[in-house]
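# Fold and geometry: a report
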Amino acid sequence: MDEQRASERLTAEEKVALQTGDGAWNTHAFLQKGVSSIRMSDGPLGLRKEQDGAIVPAVCFPSPSRIACSFDPSLARDLGQALGEQCVAEQVDVLLAPGINVKRTPLCGRNFEYFSEDPLLTAEMACGYIEGVQSQGVGCCVKHFACNNQEYGRYVCDSVVDDRALREIYLSAFERVIKNAKPSMVMCSYNRLNGEYCSQSKFLLTDLLRDEWGFEGVAVSDWGATDDRVKGICAGLDLEMPQGDTSDVARALQNGTLSEAELDRAVDRIAELSEKFTRKQAGLDKNKQHKLAARLAEESLVLVKNSCDLLPLATTDDIAVIGRLAEQPVYQGEGSAHVNAYKPDSLLQALAESKVTFEYAQGYGDGNKDDAELLERAIAVAERHSRVILVVGAAADAEAFDRQWSLPQNQLRVIEAVSAACPNVVVVLQCGAATDVRWVNGVKALLIDYYGGEASGRALCNVLFGKAAPSGRLAESWPLSLPRWQQGVGADFRQVQYVESGFVGYRYYATANCPVAFPFGYGLGYGKIEWSDVAVSQPDKKGKIKVKLTLTNKSDVKQAEVVQLYYRNDDGRGFYPRKNLAAFRKVKLGVGQARSVTLEINVKQFASYDTANGWSVNGGKYTLWAARHVNDEAFPLSVTVDGENNTVDLSAELPAYYNVDEDFCPTQKQFEQLLGREIVLPHSNIITVSTPLCEVTHTLIGRIMFKKAVEIGKQYPVSFLRILPLRMLVCDELSREMLVALIACMNKPSPKNIVKCLKAVLKHRKERKRAAEVADLADN
Ligand code: BGC
C-alpha cells in the first residue's frame, strides 16, 4: 500500500485479530488498510477446497509416497505446477502441502502424504513439487515441522530425539527445502519436540527457521495445535489456524507479557505475504490434468518381482482378474489429504477400454472377514486361466491413526489359494506405505501400486501390458520384520523415544546387515540395462567429486534407470550408518541407446552433526557406491577427503550405537547418554488445555466431558478420544473461554471459579443466539 508497515496502519484490535484465522481457511482482511486475506486449502494429492460444506472436485494425483518412487524431481515439478493451476482456478492462495517428514516407521498413518525415509530424496522431490506450485503465483506451506512421525497421540506426544538425528535426518529435509525452494509458509506440527510443543518452540520457529535457514514467510500452526498462543507468538509462530479465541493475546498485550513488537512482527509477516497473491481468473482443463495424473502414476509404479519375465502380459493372454480393488481401487488416503476426485478410474475399466478380455472375480469382501463363497469362486476362476492379475490392499490409511503393517487376513488367504490354483500370479499391491509381503515367495510377480491417484487404473494397465516399462524405485525399505525399536511405536501417547538415533530406514537395515524383503531404491524394468566405465574423481579444490558411468539399454523397449550414489565414512571414530544417499539421477534410455551419466556431489554433504561443534566433515577415506539400490555393492569407489579427523570415539559409552545388529534397541540409559540429559515424561498435576481427556476423569467435570466426547464422537474409537487434549474439544457448543473456565474449576472448584464458569456458559449461549439471528437475517 505505502511505505508504512501493516502494523503501523492497524489498530491493536485489528492486529490481535490478524494473528489468528478468520474461520477455518482464511486470514482476516482489512482491505481499507491494504491487508487482504490469504486463502488456504489442503493438498497434497490434489486441491481439497471446502466450500459451502462440500469439497470442490479436483483431479486426484498420485500421493507423495508414490511420486517419490519416480526418483524424478522434474515429475514432482509437473505435479506441483498442475496443483498450482488447480489453486489458481479455485482462487486459493496457499496450498497446505507438501508434508516433508522423514518416515521413521511403516506404521505411521500419514506416510502416504510423505515422500521418503531418506532426507535427501524427500528434499529433492519436495523442492520440485514446491517450485511447480509456486511457479503459478501460489504459495506452498510445508508441514509438519517437526518430528510428527506417528499419528498415535500426535496432539500431545513428546518426540524425544538427539541433536544429531534431528539435524541429519528429521530437520535436514526442512533445511534444504526452506533454503532452496523458499516456500511461503511452514506449518508446525501438533506434537512436542524434546519436551516443548512445536507451536511454541523458539528453537524451531526462530533460531533454526529464521536465523539459521533464512525463512522469510509465515509460520502457521497446524489446525488446533496451539497450546499457549502467547508463548507461540513470542517463539515466532505468526499465525494460529483455524480461528481461535483472541482474549489471551489481548490480555497479554495489555499486561505486557506480550510486547507490541512481538505481535507486530507476526502481523507484518502475514500482511506482507498477503500482498504477494493477486488472484486471477483462469480456467482449468481437467481432462488434461487427468491425463497428466496417468503419466505421473505410470512413471512411478514399482515392479519388485518378475520371475520368468511373466510381465509384461500380452493382450491375447488368457487372463483372470481377481480382487475387489481392481474394481474399487484404493488410490488415495483419508483425512485432510482426501480429494473429491474428478474422474476416478479402475483397473477393470482401463482393461475394458484397452479391449483386453478377462474373467473377473471379486475374491474378498470389504474389511477383514472371510467369505467362503467369494474365495471359492476366486479359486475356480484362477484355475480356468493361465495368468492371474490379483489386486490386494488394505483399507485407506488416514491421518490421526496409525496403520496396520499386514494385509487383512481374508486377503492373505486369497493370495495363498489363488497362487495354489494358478502358477502365474501377478499381485498388484495398493498401499500407502511399506507392507508385510512375506507371502511374496508364493507369487510370480509383484507390482507396488502406492496410492496412484484417480488415473492409477490406466497407469497399471499400461505397465501390465508393456505399453510402458516400469521405472519406479522404492523410496523406503520394505522390511521382513519390524525392528525391535519400532515395536514401541503406538505404545505410549505421552512420549516416543527415538532411541535408534540416525539409524532410520535403510540406514538401519544396511548397518545391521539385516535382510529386507526389498531394499530402498529397488525396482525392476522390462529388460537389461548395462552399467559400464564407472569412475570417480578425487575431490577438487572446491570439494566437488564426480562419478561417471555409461548406461546401455540392452532391451527392446524404452526404459529408465535410476542411478544412485551412496557413501560411507571409513575413517571416522564416531558411529555412522553403513550407507547414506548422496545423489541420484533418473535416466531415460531408448531401445539400444547408450548414455554417459555424471553425478556430482560435494564433500560438504559428508558432514555430520555434533552438539558441541556443529557440522563438520571428517578428513580421511570414504567409500562411494554407484548403485541400482542401497544393497547393490557392485561398483565400490574410494575417495580421500582432506581435513582433520577429530570425531570423538564414544564406543565405550555408547556400545549399542557402534554395534548395530538385528537386536539393535539401545537402552534408555544409553539413549540418555546420547541425548546428554535424563528423560522425563511430560506430566503435570495441573490440568491445562493440553491435558488429555483420560487424565481429567478423576474430576466430575472431566467425567462429564469424557461422556459427552464419546457421545458426540461416536464415529471414533474410544481409544482415540481418551487421549485427545482438552483444547481439541472446542466446538460450537464449547468455546475456548468456557473450556478455560471449566479447567479452572477442575483445578480448584472454588465458588469464584464456578461463577466464572457459569458466566462463560451464559456469554457463549448469548453469542450463539446472536450469531443465529444474524444468519437468519442474511438468509431472508
Ligand atoms: C492436518 C494438516 C492440515 C490441517 C488443515 C490438520 O489436521 O494435520 O496437515 O493441513 O488439518 O486441514
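Structural notes, computed from the coordinates.

Quick notes on the rules
- Residues numbered from 1 in each chain as written.
- Predicted model: local features only at pLDDT ≥ 70, side-chain atom pairs only at ≥ 80, totals over all residues.
- Heavy atoms only, no water.
- Helix = DSSP H or I, 4+ residues; strand = E, 2+ residues; numbered from the N terminus.
- Buried < 20%, exposed > 50% of the residue type's maximum accessible area, 1.4 Å probe, protein only.
- Contact = heavy atoms within 4.5 Å.
- Areas by Shrake-Rupley, 256 points an atom, 1.4 Å probe, with all protein chains shown as cover.
- Pairing = 2+ DSSP bridges.
- Lys, Arg positive; Asp, Glu negative; His and termini not counted.
- Salt bridge = Lys/Arg side-chain N within 4 Å of Asp/Glu carboxyl O.
- Polar contact = N/O pair within 3.5 Å; in protein donor to acceptor, adjacent residues only side chain to side chain.
- Expected span 1.5 Å × (residues − 1).
- Axes fitted to C-alpha atoms, helices over the stretch in contact; angles between N-to-C directions.
- Parallel < 35°, antiparallel > 145°, perpendicular 65-115°, else oblique.
- Nonpolar A, V, L, I, M, F, W, Y, C, P; charged D, E, K, R; others polar.
- Near = heavy atom within 4 Å.

## A closer look at the overall build of the chain
Each helix and strand in the chain was counted, giving 23 helices and 30 strands. On the principal axes, the C-alpha backbone points of the chain span a range of 80 × 65 × 55 Å. Expressed as a percentage of the 780 residues in the chain, the buried residues total 60%. Looking at the chain alone, contacts between residues at least 24 apart form 76% of all its contacts between residues at least 6 apart. For the chain, the accessible surface area stands at approximately 31,300 Å², while carbon and sulfur atoms represent 49% of it.

## Some words on the pairing of strand β25 (residues 580–589)
Buried residues dominate β25, accounting for eight of its ten residues. As paired elements, strand β24 (residues 559–569) and β25 share nine bridges and run antiparallel to each other. Bridge pairing in β25 places Leu 565 opposite Ala 583.

## A look at the side chain of Arg 192
Mapped onto the secondary structure, Arg 192 falls in strand β10 (residues 192–193). Despite its burial, Arg 192 pairs with no opposite charge; the closest candidate is Asp 158, at 5.7 Å N-O. One polar contact links Arg 192 to Tyr 197, side chain to side chain, over a distance of 3.3 Å. Not counting the four nearest positions on each side in its chain, Arg 192 is found in contact with Val 156, Cys 157, Asp 158, Ser 159, Tyr 197, Cys 198 and Pro 682.

## Describing helix α11 (residues 260–276)
In a regular helix each residue adds 1.5 Å, so 17 residues correspond to 24 Å; α11 covers 25 Å between its end C-alpha atoms and thus fits that length. Among the residues of α11, Leu 263, Asp 264, Ala 266, Val 267, Asp 268, Arg 269, Ile 270, Ala 271, Leu 273 and Ser 274 are the ones counted as buried.

## Some remarks on the sheet that holds strand β13 (residues 302–306)
The strand order across the open sheet formed by six strands is β13-β18-β17-β16-β14-β15, and the pairing between neighbours is mixed. One side of each edge strand has no neighbouring strand; the edge strands of this open sheet are β13 and β15 (358–361). Direction aside, the axes of adjacent strands within the sheet are offset by 20° on average. Pairing of β13 with strand β18 (residues 445–450) involves four bridges; the strand directions are antiparallel. From the neighbouring strand, Val 302 faces β18, where its bridge partner is Ile 448. Contacts from helix α14 (residues 372–384) reach β14 (319–322), β15 and β16 (387–393), with the element oriented near 165° to β15.

## What to know about the packing of helix α20 (residues 700–712) against helix α22 (residues 736–747)
At their nearest, the axes of α20 and α22 sit 8 Å apart, and the two run at 135° to each other. Considered as vectors, α20 and α22 are oriented oblique to each other. Touching Ile 701, Gly 702 and Met 705 of α20 are Leu 739, Leu 742, Cys 745 and Met 746, all from α22. In terms of residue class, the contact of α20 with α22 is made up of six nonpolar, one polar and no charged.

## Some points on helix α23 (residues 751–779)
Along an α-helix, residues three or four positions apart point the same way, because every turn accommodates 3.6 residues. With 29 residues, α23 should cover 42 Å at 1.5 Å per step; its first-to-last C-alpha distance of 42 Å lies within 8% of that length. Along α23, the residues classified as buried are Asn 753, Cys 757, Ala 760 and His 764. Buried residues along α23 sit against α22.

## Some details on the site of the ligand
Around the ligand, the surrounding shell holds 13 residues, and the nearest of these are Asp 42, Arg 110, His 144, Asp 222 and Glu 399. At 3.5 Å from an oxygen atom of the ligand is found a side-chain nitrogen or oxygen belonging to Arg 154. Contact with the protein chains hides 92% of the accessible area of the ligand, taken as 310 Å² for the molecule alone. The class makeup of the residues in the shell around the ligand is five nonpolar, two polar and six charged.

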